[in-house]
Amino acid sequence: MAIHPIVVYGEPVLHRAAEPVVDFDDELRLLIDDMFETLAASNGVGLAAPQIGVGRQIYVYDADDEAAGVRRRGVFINPVLVASRIPDERPDPETESEGCLSVPGLDFPLKRAHRVTVNGRDETGAAVSLTVEGWFARIMQHEYDHLQGTLYVDRLDRKWAKRWKREQQELGLDQPGVSWLPGTDEDPFGH
Ligand SMILES: [Zn+2]
């Protein structure tokens, strides 16, 4: 197993749709093991394959689902997501802020759907399905977006998009070839 560097905003693989997985083989299972190890080292709650430079439709998650009172850890391969309507209101910076390992050190408020169902495959190729609400539904939407080539900062409303553009310029988050290594480099979110 190995911890992989996480690429940041501006790396082309993050900004294009990922390819479906065809072979459910040992290579895939090794990649998923590495993704779980990288996620744990990064103190994150979810990680999509493009974030370690692999343009395939895979994401892993590992976090407490407080709404349901359980811990959830798993993988989705070739997922399809169905979401409830995203409310029109402005996002609440206190309770609806989001961050991303590929946008190091920043977080911005973003409105998300309250409830989602994800259908996909696990590492053996078996069908898996998950219906979640609230914060965990946010994680699913965030990771699913990664597989479409969309990052949460691409979805911000006008006010927060302006702030993101400014931070992006200051931090130089628009160049390919930048990455950080979880567990070795300083944690960009101070965890
Ligand atoms: Zn992310």
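Being a predicted model, the structure only gives us computed values, none of them experimental.

Observations regarding the overall build of the protein
Line of reasoning, step 1. A count of helical and extended segments in the protein gives three helices and nine strands.
Line of reasoning, step 2. When the elements of the protein are put in sequence order from the N terminus, they spell out β-α-β-β-β-β-β-β-β-α-α-β.
Line of reasoning, step 3. Relative to the globule expectation of 16 Å for 191 residues, the C-alpha radius of gyration of the protein, 16 Å, shows essentially globular dimensions.
Line of reasoning, step 4. Taken along the three principal axes of its C-alpha coordinates, the protein extends 45 × 35 × 30 Å.
Line of reasoning, step 5. When burial is assessed residue by residue, the protein has 31% of its 191 residues classed as buried.
Line of reasoning, step 6. Restricting to contacts in the protein with at least 6 residues of sequence separation, those with at least 24 account for 70%.

Focus: the pairing of strand β7 (residues 115-121)
Line of reasoning, step 1. Here β7 shows one buried face, formed by V116, V118 and G120, and one open face, formed by R115, T117, N119 and R121.
Line of reasoning, step 2. Alignment of strand β4 (residues 70-83) against β7, held across five bridges, turns out to be antiparallel. The partner of I77 across the bridge, within β7, is R121.
Line of reasoning, step 3. Taken together, β7 and the strand that follows it, strand β8 (residues 127-133), pair antiparallel across an intervening segment of five residues, in which G125 is found at a positive phi of about 95°.

The rules behind each value
Residues numbered from 1 in each chain as written. Predicted model: local features only at pLDDT ≥ 70, side-chain atom pairs only at ≥ 80, totals over all residues. Helix = DSSP H or I, 4+ residues; strand = E, 2+ residues; numbered from the N terminus. Rg over C-alpha atoms; globule rule 2.2 N^0.38 Å. Buried ≥ 20, exposed ≤ 12 C-beta atoms within 10 Å, placed from the backbone. Contact = placed C-beta atoms within 7 Å. Pairing = 2+ DSSP bridges.

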